[in-house]
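These are the residues of each chain, in order.
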Amino acid sequence: MIPPKFDYHRPTSVQEAVQLLQSSPEAKVLAGGHSLIPLMKLRLAAPAAVIDIGRIPDLRGIQALDSGELRIGACTTHHEIATSQAVQRAAPLLAEAAAQIGDRQVRYRGTIGGNLAHADPASDLPAVVVALNATLQAEGPQGSRSIPAAEFFVDLMTTTLQPGEILTQIRVPALGQGTGSCYLKFEHPASGYALCGAAAIVSLNPDGSCAQARLCFNGVSARPVDAAAVAQALVGSDLSDGAIDAAVEDHLRVPDPVGDIHASASYRQELAKALGKRALKAARDRARG
Amino acid sequence: MTHGNGTRGIFGSAIKRREDPKLITGRAKYTDDLQLPGMAYAAILRSPFAHARIRHIDTSQALALEGVLAVFTAQDVEEAGIPGVVPVGWLLPTLKTPAHPILAKDRVRYVGDAVAVVVAEDRYTAHDALEAIQVDYEPLAAVADVRQAVEPGAPAVHEEAPDNVAFTWEIGDREGTDTAFQQAAHVAKLDIVNNRLIPNAMEPRAALADFDPATGELTLYMTTQNPHIHRLLMSLASIGLPEHKIRVVAPEVGGGFGSKIHHYVDEAIVSFASMKLGRPVKWTATRTETYQTDAHGRDHVTTAEMAIDGEGKILGVRVNTYAAMGAYLSTFAPAVPTYLYGTLLSGEYDIPHIYCHVTGVFTHTTPVDAYRGAGRPEATLVIERLVDECAHLAGMDPVELRRRNFVPPDKFPYQTQVALVYDSGNYEAALEKALEKVDYQQFRREQEEARRQGRYLGIGFSTYIEACGLAPSALVGQLGAQAGQWESAVVRVHPTGKVTVYSGSSGHGQGHETTFAQIVAAELGVPYEDVEIVEGDTEAIPHGWGTYGSRSAAVGGSAIATAARRVVDKAKKIAAHLLEAAEEDIVFEDGKFYVKGSPDQAKTLAEVSLQAYLAHNLPKGLEPALEATAFYDPANFVFPFGTHVAIVEVDPETGQVELKRYVAVDDVGNVINPLIVDGQIHGGIAQGVGQALYEGAVYDESGNLVTGTMLDYAVPKAHFLPAFETDRTVTPCPHNPLGVKGVGEAGTIASTAAVVNAVVDALRPFGVTHLNPPVTAEKVWKAIHGA
Ligand SMILES: Cc1cc2nc3c(=O)[nH]c(=O)nc-3n(C[C@H](O)[C@H](O)[C@H](O)COP(=O)(O)OP(=O)(O)OC[C@H]3O[C@@H](n4cnc5c(N)ncnc54)[C@H](O)[C@@H]3O)c2cc1C
């Protein structure tokens with residue numbers, strides 16, 4: 001639990017951070033440090049330098065545009081997100097998930113950008129940003145670009161972020177009227193991470209039938225799973241318990257389910273079914289108001 | 001009940017722990033907080049292989065790093081000519097005792113086995129240097145599983161035990177038991193695993209060795225539950241310094257649960273390093289080292305059977321257990337699955353025939369030794385699971401079957417078929433109290449109703465007994481202990497009447513500073529604030545055996561009470577002399593001595609003590625000063641017992657088990673401090689629930705500990721647990737001066753069985769008869785869905 005030697009930089013602007021990153025390719029960006037530091041202490045990561053972006057003012061804070069869209073700085077903490085009224089209004093799913101991360105200490109330090117960039121499949125936020133159709137803003141030597149959340153996660157701990165790029169902002173469109181959402185997680189009893197996390201969004205037509213649905217999962221595969229077929233099957237349905245159960249039973253497929261000593265792949269799929277149904281039902285109830 | 005009839009009410013009062021302010025404000029000094037001038041830091045290189053031959057070790061690159069003072073290997077230990085091993089402290093007739101060198105010689109036997117030590121000017125350099133040591137290993141086949149280790153052809157851990165059998169041991173009457181089984185109406189047979197546990201004391205182990213070349217004396221500050229045992233073993237087997245040249249000090253110790261009883265290689269290694277360098281050397285385990293090297297607990301695989309007649313009377317119990325020892329025999333390892341396990345297999349029941357056979361097995365894993373409860377939780381799980389299964393087979397209520405088999409209150413002292421003599425007990429009283437608290441009949445109705453709605457509730461009972469405060473010394477010696485099991489105390493009244501007590505117990509979070517002061521305040525009639533407790537220093541305390549096996553109150557506390565009573569006896573003589581009365585006419589009450597009938601002419605203990613020290617006017621022949629020493633060797637074990645009840649709900653879709661209620665009625669004899677007793681019970685229950693639902697060390701095929709961090713190994717968290725409902729019955733111990741029993745392990749001993757029984761009860765509609773802990777959600781899900 002003693003890390004090897006490393007240099008430490010604390011840039012004050014995104015530009016400076018990008019420059020530092022470019023000039024020392026062996027460096028790692030440090031945000032809340034709640035994933036990076038443990039890896040360094042276990043000597044599983046040994047960056048030559050650490051670039052602490054945690055105090056760059058531009059990377060912090062939550063802004064709600066007139067359109068309803070949220071702009072969340074990458075270094076905004078889980079606590080800030082979970083307790084933000086703007087987030088609770090526009091994207092309550094994100095606030096609900098952030099509130100379930102770790103414990104109080106973790107939520108006060110850990111950041112949304114770090115969580116997404118780290119791309120731990122058992123994290124709570126990846127499936128949530130996918131379900132919300134968020135866009136991730138990255139800044140690099142070539143300037144800035146936007147990445148749709150659905151294209152961001154490649155594999156276990158791997159994203160489309162290029163070396164030298166920093167995640168700067170997460171843009172989340174507001175959920176419309178008549179929409180409900182729910183994030184449920186089945187905790188790993190040791191780590192508190194998700195053995196399975198289900199993010200559901202349901203929008204109603206004026207007649208109460210399903211206009212749109214989303215169902216995404218954390219923890220069951222190396223990257224967030226978008227159960228689009230389940231959502232498709234629900235559109236136009238009456239969203240009865242039976243309709244939801246049937247949609248999940250008939251259409252939920254987890255591609256490349258992961259299994260380990262904590263939970264086998266087959267059990268994780270069962271968890272996904274159980275949590276998926278519950279999350280959809282809760283989202284429906286909330287949409288109905 | 002107290003002899004001195006001292007400060008009324010202090011014994012038994014729920015006062016807050018006096019040690020807590022320093023602990024919770026971070027002012028307590030633990031081993032790792034200590035800084036000595038010229039101190040260097042050690043880091044220990046550990047084997048990444050479960051089994052390998054060491055072909056060569058190259059330390060040159062490490063030595064070349066700036067700030068590295070030395071690197072030592074087995075070769076250095078050998079050249080120094082010291083004994084260089086850590087010994088086993090409990091022998092059994094068939095026990096194989098392969099040597100456990102403090103640094104591995106030519107072979108490593110588990111992941112974590114110590115290979116070399118780096119000493120450097122700072123911790124960072126020491127850890128960097130570990131990576132610079134080149135070890136040429138030849139990996140060999142390993143076996144981590146206790147059953148696989150005794151299969152023919154399994155890789156041998158030690159040449160001395162080619163079949164990996166460390167010992168075989170039996171207790172009870174084999175033939176009588178076999179015959180009894182032939183009369184059975186029902187026989188329950190279960191394959192029971194007592195899962196391997198990692199102790200997880202909050203403070204990692206640490207040692208700071210300070211050898212003074214000028215005097216030849218070694219002071220060793222360390223995380224220990226028993227400093228004198230460490231001094232003895234260090235002297236005899238590890239570093240070879242004479243015992244009087246070694247001082248072992250236990251600064252504040254942050255929990256142990258048994259893991260800090262044992263003598264590890266690490267404290268010997270830093271002592272050796274300090275002797276070589278003539279500088280203080282400190283080592284503190286990382287959490288990874290803690291997981292890999294603190295002796296683990298449990299790891300039994302058992303086939304257990306219980307026979308009952310048509311009325312539900314138990315006819316016999318037959319148990320065959322394979323118990324992992326790990327790669328080396330830890331200090332008291334052989335005692336745990338034998339004398340602390342087989343002897344407990346009668347439970348609270350009058351069982352005419354019992355037979356138990358145990359095979360101790362070497363595996364390429366972390367050594368296994370005493371962990372909170374040590375043998376008794378394992379036995380309780382076996383017996384309480386069997387009782388439930390018998391009730392199921394007989395179609396009886398599990399409570400009723402227990403009632404029919406309890407040792408009745410008029411049968412004490414009760415001689416079990418497995419060596420112990422239970423001195424006292426009233427099992428049904430505790431059971432009835434627990435039933436009332438849970439409202440058992442009402443629960444069964446709710447359970448019925450819930451099942452109709454597709455909800456699965458379960459109730460589990462554990463009517464447990466435990467034997468703690470191991471005693472007397474002559475008996476434990478016959479059983480193989482290479483240690484006595486008495487305890488020492490010095491009660492010293494100062495000239496002003498203030499009191500310092502030196503105890504051979506060695507607390508590490510239990511609250512001795514509070515409870516022991518309560519005992520003394522009650523005995524001497526002095527204010528509680530006037531009593532100071534000193535523990536954990538071989539230089540200050542006569543020999544002591546330390547704190548483990550729930551022995552501190554029953555044995556250490558009894559030693560203190562005995563010494564305090566001797567102080568009162570002497571003070572009485574002096575008071576009689578001062579009051580010019582006969583000793584028999586002196587009354588001692590509330591800390592004052594007076595002549596019967598004249599309470600207004602009293603001498604306080606302080607007044608008497610001052611005279612004792614001035615020695616101007618003492619009775620003829622009486623020595624000055626006012627203190628007494630006691631070496632208290634108990635007549636028997638003590639036998640706490642009780643009923644624990646768990647209520648769970650199982651989610652059939654996910655397999656998740658929710659612990660909804662937990663009721664504990666314990667009988668720990670007279671209670672010194674109810675707050676502390678409740679605290680011990682709470683912590684114990686939490687750890688037992690951990691074994692039942694969450695914890696379990698897992699090794700892969702190559703012997704890697706895959707649950708090597710807190711990310712993977714699930715210690716129960718506060719939000720997993722309900723508010724515990726505790727209550728007590730009081731059956732005082734009949735043979736010690738305070739009537740106290742032990743409480744440190746009771747919660748752990750009882751709770752695993754209660755929770756597992758509750759889960760099985762919840763799953764009865766699915767035809768489930770047994771699940772082995774940890775009963776994880778996936779295991780439950782599979783049991784429900786037949787997967
Ligand atoms: C005890 C504990 C419990 C936890 N429980 C949970 C849980 O239940 N659910 C959950 O989802 N998470 C959990 N976490 C993770 C935590 O919430 C953080 O989200 C996570 O550690 C990453 O965020 P961070 O800000 O700490 O990132 P850091 O640790 O600082 O960085 C993580 C990685 O991301 C990179 N990085 C960080 N920020 C950026 C950026 N802006 N651009 C590019 N790369 C970047 C770093 O270089 C590093 O590789 C837990 C952590 C701990 C320690």
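Note that this is a predicted model, so its numbers are computed, not measured.

Notes on the overall build of chain A
For step 1, the next point in the chain: Assigned secondary structure in chain A consists of 12 helices and 14 strands.
For step 2, the next point in the chain: At 19 Å, chain A has a C-alpha radius of gyration in line with the 19 Å of a compact globule built from 289 residues.
For step 3, the next point in the chain: Along the first, second and third principal axes, the C-alpha atoms of chain A reach 60 × 50 × 35 Å.
For step 4, the next point in the chain: For chain A, contacts bridging at least 24 residues in sequence account for 61% of all contacts bridging at least 6.
For step 5, the next point in the chain: On chain A, roughly 12300 Å² of surface is accessible, and the fraction owed to carbon and sulfur atoms is 48%.

What about helix H18 (residues 674-694) of chain B?
For step 1, the next point in the chain: Between its first and last C-alpha atoms H18(B) spans 29 Å; for 21 residues at 1.5 Å apiece the expected length is 30 Å, and the two agree.
For step 2, the next point in the chain: Burial runs high along H18(B): 16 of the 21 residues are buried.

Focus on the domain arrangement of chain A
For step 1, the next point in the chain: Along its sequence, chain A is carved into domain 1 (7-52), domain 2 (57-172) and domain 3 (179-288).
For step 2, the next point in the chain: A separation of 36 Å is found between the C-alpha centroids of domain 1 of chain A and domain 3 of chain A.

Focus: the interface of chain B and chain A
For step 1, the next point in the chain: Contact residues are listed per partner, giving 29 residues for chain B and 24 residues for chain A.
For step 2, the next point in the chain: For the pair chain B and chain A, the summed buried area comes to about 2100 Å², and 59% of that belongs to carbon and sulfur atoms.
For step 3, the next point in the chain: Here A:Arg43 and B:Glu131 are joined by a salt bridge, their closest N and O atoms 3.3 Å apart.
For step 4, the next point in the chain: At the boundary of chain B and chain A, one finds nine residue pairs in polar contact (both at pLDDT 80 or more).

A closer look at the pattern of salt bridges
For step 1, the next point in the chain: In the structure shown here, the tally under the stated rule is 67 salt bridges over all chains.
For step 2, the next point in the chain: In this structure, A:Arg43 engages B:Asp128 in a salt bridge whose closest nitrogen and oxygen atoms are separated by 2.8 Å. In this pair, A:Arg43 sits in the loop between helix H2 (36-41) and strand E3 (49-52) while B:Asp128 sits in helix H4 (residues 123-132), so the two residues belong to two different chains.
For step 3, the next point in the chain: Taking the shortest distance from any N to any O, the salt bridge between B:Glu745 and B:Arg376 comes out at 2.8 Å.

Concerning the pairing of strand E23 (residues 592-595) of chain B
The side chains of a regular strand alternate between both faces of the sheet.
Residues and elements named next belong to chain B.
For step 1, the next point in the chain: Here strand E22 (residues 586-589) pairs with E23 via four bridges, running antiparallel. Directly across from Ile586, in E23, lies its bridge partner Val595.
For step 2, the next point in the chain: Joining the antiparallel neighbours E22 and E23 is a turn of two residues, in which Asp590 adopts a positive phi near 50°.
For step 3, the next point in the chain: As judged from the two bridges shared by E23 and strand E24 (residues 603-604), these two strands associate in the antiparallel manner.

A word on the packing of aromatic side chains
Residues and elements named next belong to chain B.
For step 1, the next point in the chain: Scanning the model with the defined rule gives 23 aromatic pairs over all chains in all.
For step 2, the next point in the chain: Seen from their ring centres, Trp90 and Tyr339 are 6.2 Å apart, and the 35° between their planes marks the pair as tilted. Of this pair, Trp90 sits in the loop between helix H3 (74-80) and strand E4 (107-108) while Tyr339 sits in the loop between strand E14 (314-326) and strand E15 (354-362); the two residues are 249 residues apart in sequence, bridging distant segments of the chain.
For step 3, the next point in the chain: The exposure class assigned to Tyr339 is buried, which follows from its relative accessible area of 19%.

Brief notes about a nonpolar patch on the surface
Residues and elements named next belong to chain A.
For step 1, the next point in the chain: Taken together, the side chains of Met1, Leu42 and Leu44 define a hydrophobic patch exposed on the protein surface, amounting to about 280 Å² of accessible area.
For step 2, the next point in the chain: Mapped onto the elements, Leu44 comes out in the loop between H2 and E3.
For step 3, the next point in the chain: Leu44 gets classed as exposed once you look at its relative accessible area, which sits at 65%.

Topic: the site of the ligand
Residue and element names in this part refer to chain A.
For step 1, the next point in the chain: With respect to spatial proximity, 29 residues lie near the ligand, and among them Val29, Gly32, His34, Ser35 and Thr111 are the closest.
For step 2, the next point in the chain: At a separation of 2.7 Å, an oxygen atom of the ligand approaches a polar backbone atom of Gly32.
For step 3, the next point in the chain: Residue Asp124 places a main-chain N or O atom 2.8 Å away from an oxygen atom belonging to the ligand.
For step 4, the next point in the chain: Coverage of the ligand by the protein chains reaches 90% of its 960 Å² of free accessible surface.
For step 5, the next point in the chain: With four residues, the single largest contributor to the shell around the ligand is helix H7 (residues 112-118).
For step 6, the next point in the chain: Counted by class, the shell around the ligand contains 13 nonpolar, 13 polar and three charged residues.

Details of the sheet that holds E24(B)
Backbone hydrogen bonds are what pair the strands of a sheet, in a parallel or an antiparallel way.
Residue and element names in this part refer to chain B.
For step 1, the next point in the chain: Across the sheet, which stays open at both edges, the three strands sit in the order E22-E23-E24 with antiparallel pairing between neighbours. Both edges of this open sheet fall to E22 and E24, since each of them pairs with a single strand only.
For step 2, the next point in the chain: On the sheet, helix H16 (residues 552-578) packs against E22, E23 and E24 and is oriented at approximately 130° with respect to E22.

Points about the nonpolar core
Residue and element names in this part refer to chain B.
For step 1, the next point in the chain: The biggest cluster of nonpolar side chains holds 133 residues, and the ones touching the most others in it are Trp90, Val317, Val650, Tyr662, Leu693, Val759 and Val780.
For step 2, the next point in the chain: Per-element tally for this core: the top contributor is helix H19 (residues 746-762), with 11 residues.
For step 3, the next point in the chain: Taken domain by domain, the makeup of this core includes at least three residues from each of domain 2 (34-140 + 202-255 + 260-293) and domain 3 (300-471 + 636-785).
For step 4, the next point in the chain: If near-sequence neighbours (up to four positions away) are discounted, Val759 is found in contact with Val648, Val650, Val657, Leu693, Leu771, Val775 and Val780.
For step 5, the next point in the chain: Core analysis: the second largest hydrophobic core is formed by 49 residues, Ile519, Ala561, Ala564 and Ile574 among them.

Some thoughts on the packing of helix H10 (residues 376-394) of chain B against helix H11 (residues 398-405) of chain B
Residue and element names in this part refer to chain B.
For step 1, the next point in the chain: Between H10 and H11, the least distance of the axes is 8 Å, while the angle of their chain directions is 115°. Viewed along their axes, H10 and H11 adopt a mutual orientation that is roughly perpendicular. The crossing of H10 and H11 is right-handed. Taken together, the residues of H11 that come into contact with H10 (itself represented by Glu384, Val387, Asp388, Cys390 and Ala391) are Pro398, Leu401 and Arg402.

Quick word on the domain arrangement of chain B
Residues and elements named next belong to chain B.
For step 1, the next point in the chain: Looking at the assigned domains, one finds that chain B contains domain 1 (20-28 + 486-632), domain 2 (34-140 + 202-255 + 260-293) and domain 3 (300-471 + 636-785).
For step 2, the next point in the chain: Centre-to-centre, using C-alpha coordinates, domain 1 lies 39 Å away from domain 3.
For step 3, the next point in the chain: Summed over both sides, the interface between domain 1 and domain 3 buries roughly 1300 Å², with carbon and sulfur atoms accounting for 61% of that surface.
For step 4, the next point in the chain: Applying the counting rule to domain 1 against domain 3 returns zero salt bridges.

Criteria and thresholds
For every chain, the first residue of the written sequence is number 1, and numbering continues from 1 onward in sequence order. For this description, chains carry letters from A and ligands carry numbers from 1, given in the order in which they are written. Per-residue local features are limited, in this predicted model, to residues with pLDDT of at least 70; the limit for side-chain atom pairs, both in listing and counting, is 80 or more; totals at the level of whole chains, interfaces and linings are taken over all residues. Computation of side-chain values: all heavy atoms of the structure, hydrogens and water removed. Runs of E in the DSSP output that reach at least two residues are strands. Runs of H or I that reach at least four are helices, and both are numbered from the N terminus. As a reference, a globule follows 2.2 Å times the number of residues to the power 0.38, and the radius of gyration itself is taken over C-alpha atoms. Whether two residues are in contact is decided by their heavy atoms: any pair within 4.5 Å suffices. All accessibility values rest on the Shrake-Rupley procedure with a 1.4 Å probe; residue burial counts only the protein chains present in the view. By this rule, a helix spans an expected 1.5 Å times one less than how many residues it contains. Think of it in three bands: with a 1.4 Å probe and only protein chains considered, a residue is buried below 20% of the maximum accessible area for its type, exposed above 50%, and partly exposed in between. Domain delimitation follows an automatic or database domain assignment. By convention, the term buried area covers the 1.4 Å-probe accessible surface removed from two parts as they join, with the contributions of both added. Within this document, salt bridges are pairs made up of a side-chain nitrogen of Lys or Arg and a carboxyl oxygen of Asp or Glu, the two lying within 4 Å of each other. Polar contact criterion, stated in full: a pair of N or O atoms within 3.5 Å, where within protein one must be able to donate a hydrogen and the other to accept it, and residues adjacent in sequence count only if both atoms are side-chain atoms. A strand pair is defined by DSSP finding two or more bridges across the two strands. Working definition: a ring pair exists when centres of Phe, Tyr or Trp rings (six-membered ring for Trp) sit within 6.5 Å. Plane angles under 30 degrees give stacked, over 60 give edge-to-face, the rest tilted. Exposure above 30% relative accessible area and the lack of any salt bridge qualify a residue for a patch; like charges then connect within 9 Å, and the nonpolar side chains Val, Leu, Ile, Met, Phe, Trp and Tyr within 5 Å. Near, as used in this document, describes a residue that has one of its heavy atoms within 4 Å of the molecule or strand being considered. Throughout, the ten residues Ala, Val, Leu, Ile, Met, Phe, Trp, Tyr, Cys and Pro are labelled nonpolar, Asp, Glu, Lys and Arg are labelled charged, and all others, Gly among them, are labelled polar. Every angle, taken between N-to-C directions, lies between 0 and 180 degrees, and every axis is a line fitted to C-alpha atoms, over only the stretch in contact when it is a helix. We call a set of buried Ala, Val, Leu, Ile, Met, Phe, Trp, Tyr and Cys residues a nonpolar core when their side-chain atoms join them within 4.5 Å. Here the word oblique covers every angle except those under 35 degrees (roughly parallel), over 145 (roughly antiparallel) and from 65 to 115 (roughly perpendicular). Take the far helix as the reference: if the near one is turned anticlockwise from it by less than a right angle, the crossing is left-handed, and if turned clockwise, right-handed.

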